[in-house]
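Structural overview for review
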Amino acid sequence: MSQPAPNTRPVLFICIGASNLARGYGYLTARLRQELGTQPAEFLTALGPGRNYCVRGGVFCITYPAICDCGIFEAARERAGQAARVIALVTDIANDIMSGIPAETIIERLDGIFDKLN
């Protein structure tokens, strides 16, 4: 089966982070779509206030699974073959620090994320 032309295949953006990303997400996606012109974009996200990479997080009565455990990387792997490009934005690691996660653990998890995104 032949692949569609690159400019008709979407650019896959993987956006992961916490409140900083959540606050700017609408503007970010609008700006990226504008820059792409007619090329389609697809966004996979794991974001939200209090979101952590290593442990369950959140604020008030809203909780999120750890980013490393939420399934976004499996979803990205499934979609990457149909994408013209895959671009990842990894932000907001401070919540893990504030949750008392040792720096070594955070670094190991981020290394694992970058390996998965490679």
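An account of the accompanying structure is given in this report. In this text, all values refer to a predicted model and were calculated from it rather than measured experimentally. Residue numbers run consecutively from 1 along every chain, following the written order of its sequence. Only residues with pLDDT of 70 or above have their local features reported here, since the model is predicted, and side-chain atom pairs are shown and tallied only from 80 upward, although totals for entire chains, interfaces and linings are computed over all residues. Side-chain numbers come from the whole structure's heavy atoms, not from hydrogens or water.

Our focus in this paragraph is the overall build of the protein. Each helix is a run of DSSP H or I of at least 4 residues and each strand a run of E of at least 2, with the numbering of both proceeding from the N terminus. Per the secondary structure count, the protein includes four helices and five strands. Mapped from its N terminus to its C terminus, the protein presents α and β elements in the order β-α-β-β-β-α-β-α-α. The C-alpha extent of the protein, read off along each of the three principal axes, is 50 × 30 × 20 Å. Each residue's exposure class comes from its accessible area (1.4 Å probe, protein chains only) as a fraction of the maximum for that residue type: buried when under 20%, exposed when over 50%, partly exposed otherwise. Out of the 118 residues in the protein, the part that is buried amounts to 36%. In what follows, residue pairs with any heavy atoms lying within 4.5 Å of each other are defined as contacts. At a minimum sequence separation of 6, the contacts of the protein that also span at least 24 residues come to 73%. Every accessible area reported is derived by Shrake-Rupley at a probe size of 1.4 Å, with residue values counting cover from the shown protein chains alone. Of the roughly 7,100 Å² of accessible surface on the protein, 56% is carried by carbon and sulfur atoms. Distance between charge centroids for the protein: 9 Å, based on 11 positive and 11 negative side chains. Counted charges follow a simple rule, with Lys and Arg positive, Asp and Glu negative, and His plus the chain ends left uncounted. To locate a charge, take NZ of a lysine, CZ of an arginine, CG of an aspartate or CD of a glutamate.

Another aspect to go through is the sheet that holds strand β1 (residues 11-16). In this analysis, strands are considered paired if DSSP registers two or more bridges between them. Reading across the sheet, the three strands line up as β2-β1-β5 and stay open at both edges, with parallel pairing between neighbours. The strands lining the two open edges of the sheet, one partner per strand, are β2 (41-46) and β5 (85-90). Geometrically, the sheet is characterised by an average inter-axis angle of 15° between neighbouring strands, direction not taken into account. Note that β1 and β5 share six bridges and pair parallel. By the bridge assignment for β5, isoleucine 14 is matched with alanine 88. Every axis corresponds to a line fitted to the C-alpha atoms, with the helix fit spanning only the stretch in contact, and the corresponding angles, defined between N-to-C directions, vary from 0 to 180 degrees. Packing against the sheet, helix α2 (residues 72-80) makes contact with β1, β2 and β5, and its axis sits at approximately 175° to β1.

Take the nonpolar core next. Counting residues in each nonpolar core, the largest one holds 18 residues, and the members touching the most others are Ile16, Tyr53, Ile72 and Ile113. Looking at this core, the elements that each hand over two or more residues are β1, β2, α2 and α4 (103-117). If you tally residues by element for this core, the top one is α2, at four residues. Apart from residues lying up to four places away in sequence, isoleucine 72 is in contact with Ile14, Cys15, Ile16, Leu44, Thr45, Ala46 and Ile67. Counting seven residues, the second-largest nonpolar core is a separate cluster that includes Val11, Cys15, Leu21 and Phe43. By nonpolar core is meant a set of buried Ala, Val, Leu, Ile, Met, Phe, Trp, Tyr and Cys residues that side-chain atoms within 4.5 Å join together.

Take it as geometry only, folks, not as evidence of what the structure does.
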